[in-house]
Amino acid sequence: MRSMSDDHTHVQEFFTVRAADWDARFPDDGPAYAAAVTDLGLRPGDHVLDAGCGTGRALTPLRTAVGPSGVVLGADLTPAMLEAAVQAGRHLDGQLLLADVAALPLRTESLDAVFAAGLIAHLADPAGNLRELARVVRPGGTLALFHPIGRAALAARQGRQITPADLRAEANLGPLLAGSGWRMTSYVDEDSRFLALAVRTD
Ligand SMILES: C[S@@+](CC[C@H](N)C(=O)[O-])C[C@H]1O[C@@H](n2cnc3c(N)ncnc32)[C@H](O)[C@@H]1O
């Protein structure tokens, strides 16, 4: 039987070998990240977490959105990805945390929003982890689940088919979010991007 720590080891091994050239593999994604951050609707002074921040590709647009008075945090459980974020200077835009989204070292309702790019498919316990993200966000706060490529295009790139059980299918994601403290407010799945937005329920 696989344990939670086996899943974490697998995630860390997978991303550790990819960390050094992660950004170089996807050199043209910057504008898509900036657009997704804009859609999250942050305001100056907001507190936002980039969950599964990796090399921190979203940290600069998040800092731009919340301004110098805001708080930007980036959490990831793979040290090599955070080291690559530092190499790229992204720690200047947000505070990096070596942390698992299953148990965040953050106070309840201390954030206005969470941005999570490419994270949800890697989670061992999506419902539990989304509940933990809801815990740290105030009621009315927002969540963006983003990927800079749509589900069909990603599946084609990886040489696989999308199955009806796919977690990110609209029919699955809405109920998953609803059961985890979120209400999905919009859903876009086109070749150039995947973006689901949700609001933290009371
Ligand atoms: C596909 S990468 C995306 C990285 C970054 N968000 C981006 O868009 O470039 C997924 C990231 O999620 C991290 N991750 C996976 N499971 C996690 C968890 N339970 N807690 C924190 N980070 C996690 C991985 O270490 C990896 O850096």
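This text follows the structure it describes.
What comes next is a walk through the structure. For every chain, the first residue of its written sequence is number 1, and the numbers climb from 1 along that sequence. Reporting of local features is limited, given that this is a predicted model, to residues whose pLDDT is at least 70; pairs of side-chain atoms are given and counted only at 80 or more, and all residues count toward the totals for whole chains, interfaces and linings. The side-chain quantities take in all heavy atoms of the structure and omit both hydrogens and water.

## Details of the environment of Arg 57
- Each helix corresponds to a stretch of at least 4 residues labelled H or I by DSSP, and each strand to a stretch of at least 2 residues labelled E; elements are numbered beginning at the N terminus. With respect to the secondary-structure elements, Arg 57 resides in the loop between strand S1 (47–51) and helix H4 (59–66).
- Buried residues are those whose accessible area, probed at 1.4 Å on protein chains only, stays under 20% of the maximum for their type, while exposed residues exceed 50% and partly exposed ones sit between those limits. Judged by its relative accessible area of 16%, Arg 57 falls in the buried class.
- Between the alpha carbons of Arg 57 and Ala 34 there is a distance of 9.5 Å; along the sequence they are 23 residues apart.
- The contact criterion used throughout is that any non-hydrogen atoms of two residues lie within 4.5 Å. In this structure Arg 57 touches Trp 22, Asp 23, Phe 26, Asp 29, Tyr 33 and Arg 90, once residues within four positions along its chain are discounted.

## Structural notes on the nonpolar core
- With 30 residues, the main nonpolar core has Leu 49, Leu 133, Leu 173 and Trp 182 as its most contacted residues.
- Only S1, strand S2 (71–76), strand S4 (111–117), helix H6 (126–135), strand S5 (137–147), helix H8 (170–178), strand S6 (182–190) and strand S7 (193–200) provide two or more residues apiece to this core.
- When residues no more than four places from it in sequence are discounted, the contact partners of Trp 182 are Leu 130, Leu 133, Ala 134, Val 137, Gly 141, Thr 142, Leu 143, Leu 177, Ala 198, Val 199, Arg 200 and Thr 201.
- Put simply, buried Ala, Val, Leu, Ile, Met, Phe, Trp, Tyr and Cys residues joined by side-chain atoms within 4.5 Å make one nonpolar core. Ranked by size, the runner-up nonpolar core spans 18 residues in total, among them Ala 36, Leu 42, Val 48 and Val 66.

## Overview of the site of the ligand
- Neighbouring residues are identified by heavy atoms, a residue being near a molecule or strand if any of them is within 4 Å of it. The full set close to the ligand counts 20 residues, and Tyr 33, Gly 52, Asp 76, Thr 78 and Asp 100 are the nearest of them.
- Taking Thr 78, its side chain carries an N or O atom lying 2.6 Å from an oxygen atom of the ligand.
- Each polar contact in these results corresponds to two N or O atoms within 3.5 Å; when the atoms are within protein, one needs to be able to donate a hydrogen and the other to accept it, and residues that are neighboring in sequence are counted only if both atoms are side-chain atoms. Within the contact set of the ligand, a nitrogen atom lies 2.8 Å away from a side-chain nitrogen or oxygen of Asp 100.
- Charged means Asp, Glu, Lys or Arg here, nonpolar means Ala, Val, Leu, Ile, Met, Phe, Trp, Tyr, Cys or Pro, and polar covers whatever is left, Gly included. A per-class count over the shell around the ligand returns twelve nonpolar, five polar and three charged.

## Quick look at the pairing of S5
- Across six bridges, S4 lies against S5 in parallel orientation. Bridged to Ala 113 within S5 is Thr 142.
- Crossovers are described as right-handed under a simple rule: with the strands pointing away from the observer, the path leading from the first strand over the helix to the second runs clockwise. Remark: the S4/H6/S5 crossover connection has right-handed handedness.
- At least two DSSP bridges between two strands are needed for those strands to be called paired. In the sheet, S5 pairs with S7 via six bridges, with the strands oriented antiparallel. Directly across from Ala 144, in S7, lies its bridge partner Leu 197.

## Thoughts on the sheet that holds S5
- Here we have seven strands laid out as an open sheet, ordered S3-S2-S1-S4-S5-S7-S6, and mixed in their pairing. Of all the strands in the sheet, the pair left with one neighbour each is strand S3 (95–98) and S6. Strand-to-strand twist of the sheet, defined as the mean angle between neighbouring strand axes without regard to direction, takes the value 15°.
- One ladder, built from five bridges, connects S1 with S2; its direction is parallel. What sits directly across from Val 48, in S2, is Val 72.
- Note on method: axes are straight lines fitted to C-alpha atoms, helices fitted across the in-contact stretch only, with angles between N-to-C directions ranging 0 to 180 degrees. Docked against the sheet, helix H3 (residues 30–40) engages S4, S5 and S7, running at close to 150° with respect to S4.

## Considerations on the environment of Glu 190
- Within the secondary structure, Glu 190 is located in strand S6.
- Look at Glu 190 and you get partly exposed, because its relative accessible area is 42%.
- A sequence separation of 31 residues divides Glu 190 from Gly 159, and the C-alpha atoms of the two residues are 18 Å apart.
- Leaving out residues up to four positions away in the same chain, Glu 190 has contacts with Ile 149 and Gly 150.

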